[in-house]
Amino acid sequence: MAAATAFALGAAAAAAAPAAQAQDEPTDLLTNGDFANGTSGWWSTANLTGAVADGEWCLDVPGGTANAWDAIVGQDGLPIVSGESYELQFTARASEDVSVRALVQRPVDPWPTAVEQFPTLTAEPQDFSYTFTAGADWTDGQLAFQIGRHAEPWQFCLSEVKLLTGAEPPVYEPDTGPRVRVNQVAYFEDGPKRATLVTDAAAAVPWQLHDAAGALVASGNTAPHGAESTSGESVHVIDFSGVTASGEGFTITADGETSYPFAIGGDAYSDLAVDAISFYYPQRSGVAIDDAIAPGYGREAGHVDEAPNQGDGAVTCYANACDYALDVTGGWYDAGDHGKYVVNGGISAAQLLSVYERALHAPTGDTARLADGSMRIPEHGDGVPDVLDEARWEVEFLMSMQVPAGEELAGMAHHKIHDEFWTGLPLMPADDPQARYLQPPSTAATLNLAAAAAQASRLFAPYDAEFAAQALEAAETAWAAALAHPDLYAPDTSPAGGGPYGDSKVEDEFYWAAAELFLTTGEKAYEDFVLDSKLHDADVFSGTGFWWGEVAQLAKLDLALVPNALPGRDEVVAQVVAGADLYLSEQDASPWDLGYGANGTFDWGSNSAVLNRLVVVATAFDLTGESQYRDGVFSGLDYILGRNALGNSYVTGYGSHFSQNQHSRWYSHQLDPNLPNPPAGTLSGGPNSIAGTWDPVAQRWLTDCAPQRCYIDDIGSWATNELTVNWNASLAQVANFAADQTGGVQTVPSCEVEYRINGQWPSGFNAQILVTNTGSVPLNHIALKWTLPTGQSIVHSWSVSLDQEGQVVTATDVAGGKALKPGRTFTFGFIGAKDGRPAVAPSFVGCTTG
Ligand code: 9MR
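If you're wondering where the values come from, they're calculated on a predicted model, not measured in any experiment.

(A) Inspection of the pattern of salt bridges at higher detail. Taken as a whole, this structure holds 35 salt bridges when the rule is applied. When the shortest N-O distance is used, the salt bridge between Asp275 and Arg376 registers 2.9 Å. Of this pair, Asp275 sits in helix α2 (residues 268-278) while Arg376 is found in the loop between α3 (342-361) and α4 (386-400), placing the two residues 101 residues apart along the sequence. Its relative accessible area of 11% is what places Asp275 among the buried residues. By relative accessible area, which is 32% here, Arg376 ends up partly exposed. A salt bridge links Asp638 to Arg643; the nearest nitrogen and oxygen atoms lie 3.0 Å apart. Accessibility classification places Asp638 together with Arg643 in one group, the buried group. Look at the salt bridges and you will find they share partners, linking Arg194, Asp239, Asp593, Asp638 and Arg643 into a network.

Here is the structure:
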């Protein structure tokens, strides 16, 4: 037994491999597996030549093929019986270290597999053994060794191949680690601190918290909760919120188990905030990834019209549905596939834009964290905050997907562009040989583009007026096109080669796009559309949360946080806060602090759903300053970072036991040791309670699981373990919020600011700002900071000098640069320019002292 242990699953399979207790006498289904009769019974593709010597078949494999299945040896016509367990054995070696694909499948589209493994061969012969249980009856099973996909020619040698019946059924036992489940990354010093103990004990048990040196820091008794349905476990809660110590390497011991270590305090969330956003650069299409910027992830540009790519430079419509071609080079690959999908790209770009927009307007927001030079991206030195640069990469792609002027559907956005057929794994973007096509325009894609481009426009206005204008024009063109074609629905089924992203309910997309266009332009037509939408007064927060198919919440979150003059805006704020209350109540009821899935359903990408709910809770904190919302975000992160039924952190590189084999054609380390795992800060999609109806790995292992356990860190499980641009955007938002709670702008509570708009006229306004020391000690060198609402800029000021960078204004010599005594008020003012909409005050003005 050799390489089988290289796989998480292989290890489990290997543990179960001994066939000693098999009930029936094993039968070998193969013909001439020992090559005693030359190659009789075997076939190979025409590009292979070889010979048998001493019971070993050696074949010369050509270099330069793209797919594993471009060179195959195998046997056909194998009778496979549903429910029967089999053991595939073989010995193999290679002239150099290569990874190959060994599988038993049906050789008919959609190529269902009974077992699929990726052994790494070396010059030394190795024995391999895999057990599997068939899920279907086939008369035409095929054993195949798919040995293509290597740049250089090499030699493959195979011997002693057997496919035996009567094997012991393999079992999958996930490594759930210690039964004391903790946030494996960090608890906040001043936040809630809870762990979950999996135990059958009915009564409370004692727990102890130790520091890294082993000293006892705190102790107490658990609170028994009993059976919990999402995990299928019986659990107790350990609450150590009272602990004030900080540092690394704490552990909790209870019921004879000691947790993985964790930090209290520290800057793990600042790192995570950067990593979650730096995830996007190596997802970029159409550009070479520079290894100096993303170490370990450098690669050739994908889909830039260089063979074998057919390129995205002039893409036509699938099935000749149009007579034009678009240059849709660029954007991000959606996920582990090479497709690019506008609805998902739109929400992802918007959520990254919101990372920045929140930093502008929230009291704890810190734009410095997101500044030019802060992320691992190439666009350093352009003066633009990096997170905006990254979002722009996608927004420009979204704009390129618009139907050109003069065409019948001009201004609509094509729903997606992807390969003609699904490709296999691994496959570097630059090696994809397939033809790619535009799929038909849709109303949903057009409105997602409108929303994201409108948001980009207002955020880029201070940095790049030309791009801001282009983005707004694209958004307004898209809006008009969507109004003209309000029911071009993307179907739930689509040609092979890409995901469907079907959506036949678009009132939420209309509402979101109208809200973003209103926030950017202030125009009455958009305001009216927002106010008239039936979603405006509706509760859009109960239900699943927001995701690419349900976007109304995004409108409400932005209307609540971004300064604007919408009549009745307070009601929107109240709706957001009520939504946060709902999510927190579900979280509070869970012994995992998991505010999701109590109904037993964990959707595809459940981790993103968990995090998007936390985005709502975080926004409630930004709007109210009430600590239960901030604490709710902190404890809500525990589940994602390891306090869960599997003891797994779903963020690569974070925690002691984390997801690292996410489904991806280029982060395919599990399949080919020469390729990397996903970068640190990559979120896995997470448990999917109906995963077993989707992917083959889930079908094999996850058909009978409690929802939280319907997950496997295997690259083949795309329904539970993919990475995507939209899911990482959820992580980016929550991680940046969390980072701001420790390192963000620290304002002085005893410094109160009143921001008055004393007068306004069509093109300007007069603002007066009163700064009062409400404390009992003098405040020295007060500085004020705020963000000018969209459309406003400073003309001139009195009694203070104002610096403006982007939309952020700083007043540095408040009170003449001297101390402001207790009870005293200092007043200054300025004349501002504005566009046609009414002047409104910023969301928040904070004082710092120096
Ligand atoms: O995230 C998508 C999920 O909401 C859908 O239920 C699922 C099935 O249609 O597709 C998911 O999106 C996948 C897309 O279709 C193709 N790229 C990878 C995406 C993540 O798995």
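(B) Representation of the site of the ligand within the structure. Around the ligand, the structure places Asp334, Ala335, Asp337, Tyr341, Gly499, Pro500, Tyr501, Trp548, Trp604, Glu722, Thr724 and Trp727. One of the side-chain N or O atoms of Asp334 is found 2.9 Å from a nitrogen atom in the ligand. Interatomic distance of 3.2 Å between a side-chain N/O atom of Asp337 and a nitrogen atom of the ligand. Burial of the ligand by the protein chains amounts to 85% of its free accessible area of 450 Å². Residue composition of the shell around the ligand, by class: seven nonpolar, two polar and three charged.

(C) Spatial organisation of the state of the cysteines. Under the counting rule described, the total for this entry stands at four disulfides. Across the disulfide from Cys317 sits Cys322; the S-S distance is 1.9 Å. Looking down the S-S bond of the Cys317 and Cys322 bridge, the torsion is 95°, so its handedness is right-handed. Look at Cys317 and you get buried, because its relative accessible area is 5%. Two residues share a disulfide in this structure: Cys751 and Cys847, whose sulfurs sit 2.0 Å from each other. Judged by the torsion about the S-S bond (-50°), the Cys751/Cys847 disulfide is left-handed. Of the two residues, Cys751 sits in strand β28 (residues 751-761) while Cys847 sits in strand β35 (residues 845-849), which places them 96 residues apart along the sequence. For the pair shown, Cys751 and Cys847 are each scored as buried. Cysteine pairing for the protein (bonded cysteines numbered in sequence order): 1-2, 3-4, 5-6, 7-8.

(D) Inspection of empty space enclosed by the protein at higher detail. By the definition in use, this model includes nine cavities of 30 Å³ or more. Looking at the largest cavity, its volume works out to about 230 Å³. The wall of the largest cavity is formed by 18 residues, among which Ser354, Arg358, Val615, Thr619 and Gln733 lie closest to the centre. Sort the elements by how many residues they give to the lining of the largest cavity and α3 lands first, with five residues. Taken together, the residues of the lining of the largest cavity sort by class into nine nonpolar, five polar and four charged. Taken as a whole, the second largest cavity holds about 160 Å³ of empty space. If you go around the second largest cavity, you meet 15 residues; those closest to its centre are Ala359, Leu360, Ala362, Gly365 and Lys785. Contributing elements (two or more residues each) for the lining of the second largest cavity: α3 and β30 (782-787). Of the residues contributing to the lining of the second largest cavity, the split by class is eight nonpolar, six polar and one charged. A domain split of the lining of the second largest cavity shows at least three residues from each of domain 2 (268-743) and domain 3 (751-848).

(E) Main features of the domain arrangement of the protein. We note that the domain assignment places domain 1 (17-165), domain 2 (268-743) and domain 3 (751-848) within the protein. Counting residues at the interface gives 18 residues for domain 2 and 15 residues for domain 3. Taken together, both faces of the contact between domain 2 and domain 3 bury some 1200 Å²; the carbon and sulfur share is 60%. Its largest share of buried area at the contact with domain 3, domain 2 owes to Leu360, His361 and Pro563, together 34% of the area lost on that side. Counting every contact that joins domain 2 to domain 3 gives zero salt bridges. On inspection of domain 2 and its partner domain 3, the count reaches five residue pairs in polar contact (both at pLDDT 80 or more). If you list the elements that add at least two residues to the side of domain 2 that touches domain 3, you get α3 and α7 (507-521). Tallying contributions element by element places α7 first for the side of domain 2 that touches domain 3, with four residues. A breakdown of the residues in the side of domain 2 that touches domain 3 according to their chemical character gives ten nonpolar, six polar and two charged.

(F) Inspection of unusual backbone geometry at higher detail. For the bond running from Asp109 to Pro110, omega is 10°, close enough to zero to count as cis. Structurally, Pro110 is set in the loop between β7 (101-105) and β8 (113-117). Between Leu425 and Pro426 the backbone carries a cis peptide bond, its omega angle lying at -10°. By the element assignment, Pro426 lies in the loop between β25 (416-419) and β26 (436-438). The phi torsion at Asp305 lies on the positive side, around 65°, for a residue other than glycine. Take Asp305: it is sitting in the loop between α2 and β23 (340-341).

(G) Representation of the layout of surface pockets in the model. Roughly 640 Å³ of volume is contained in the second largest pocket. Around the second largest pocket, the lining comprises 29 residues; the ones closest to its centre are Arg149, Ala151, Met428, Asp431 and Leu675. Its residues assigned to classes, the lining of the second largest pocket shows 14 nonpolar, seven polar and eight charged.

(H) Expanded view of the packing of α4 against helix α6 (residues 465-484). One can describe the packing of α4 onto α6 by two numbers: an axis separation of 10 Å at closest approach and a directional angle of 45°. Considered as vectors, α4 and α6 are oriented oblique to each other. The element α4 and its partner α6 pack so that their crossing is left-handed. Mapping the contact onto sequence places Arg392, Val395, Glu396 and Met399 in α4 and Phe467, Gln470, Ala471 and Ala474 in α6. Across the contact of α4 with α6, the residue classes tally to five nonpolar, one polar and two charged.

(I) Structural view of the packing of aromatic side chains. Summed over the entire model, instances satisfying the criterion amount to 43 aromatic pairs. Pairing Tyr280 with Trp332 gives two aromatic rings, centres 4.6 Å apart and planes at 45°, and the pair type is tilted. Residue Tyr280 is found in the loop between α2 and β23, and its partner Trp332 is found in the loop between α2 and β23; the two are separated by 52 residues along the sequence. The residues Tyr280 and Trp332 share a single accessibility class, namely buried. The ring centre of Trp393 lies 4.6 Å from the NZ or CZ of Arg284, which sits over that ring. Here the basic side chain of Arg392 rests over the ring of Phe460, its NZ or CZ set 5.5 Å away from the ring centre.

The rules behind the values
Residues numbered from 1 in each chain as written. Predicted model: local features only at pLDDT ≥ 70, side-chain atom pairs only at ≥ 80, totals over all residues. Heavy atoms only, no water. Salt bridge = Lys/Arg side-chain N within 4 Å of Asp/Glu carboxyl O. Helix = DSSP H or I, 4+ residues; strand = E, 2+ residues; numbered from the N terminus. Buried < 20%, exposed > 50% of the residue type's maximum accessible area, 1.4 Å probe, protein only. Near = heavy atom within 4 Å. Polar contact = N/O pair within 3.5 Å; in protein donor to acceptor, adjacent residues only side chain to side chain. Areas by Shrake-Rupley, 256 points an atom, 1.4 Å probe, with all protein chains shown as cover. Nonpolar A, V, L, I, M, F, W, Y, C, P; charged D, E, K, R; others polar. Disulfide = S-S within 2.5 Å. 1 Å grid on protein atoms, 1.4 Å probe; cavity = no way out; pocket = protein on both sides within 12 Å on 5 of 7 lines; lining within 4 Å. Points joined across faces, edges and corners; volume = space filled by probe spheres on them. Domains from an automatic or database assignment. Contact = heavy atoms within 4.5 Å. Buried area = accessible area lost by both parts, 1.4 Å probe. Axes fitted to C-alpha atoms, helices over the stretch in contact; angles between N-to-C directions. Parallel < 35°, antiparallel > 145°, perpendicular 65-115°, else oblique. Left-handed = near helix turned anticlockwise from the far one by under 90°. Phe/Tyr/Trp six-rings, centres within 6.5 Å; stacked < 30°, edge-to-face > 60°. Lys NZ or Arg CZ within 6 Å of the ring centre and 35° of its normal.

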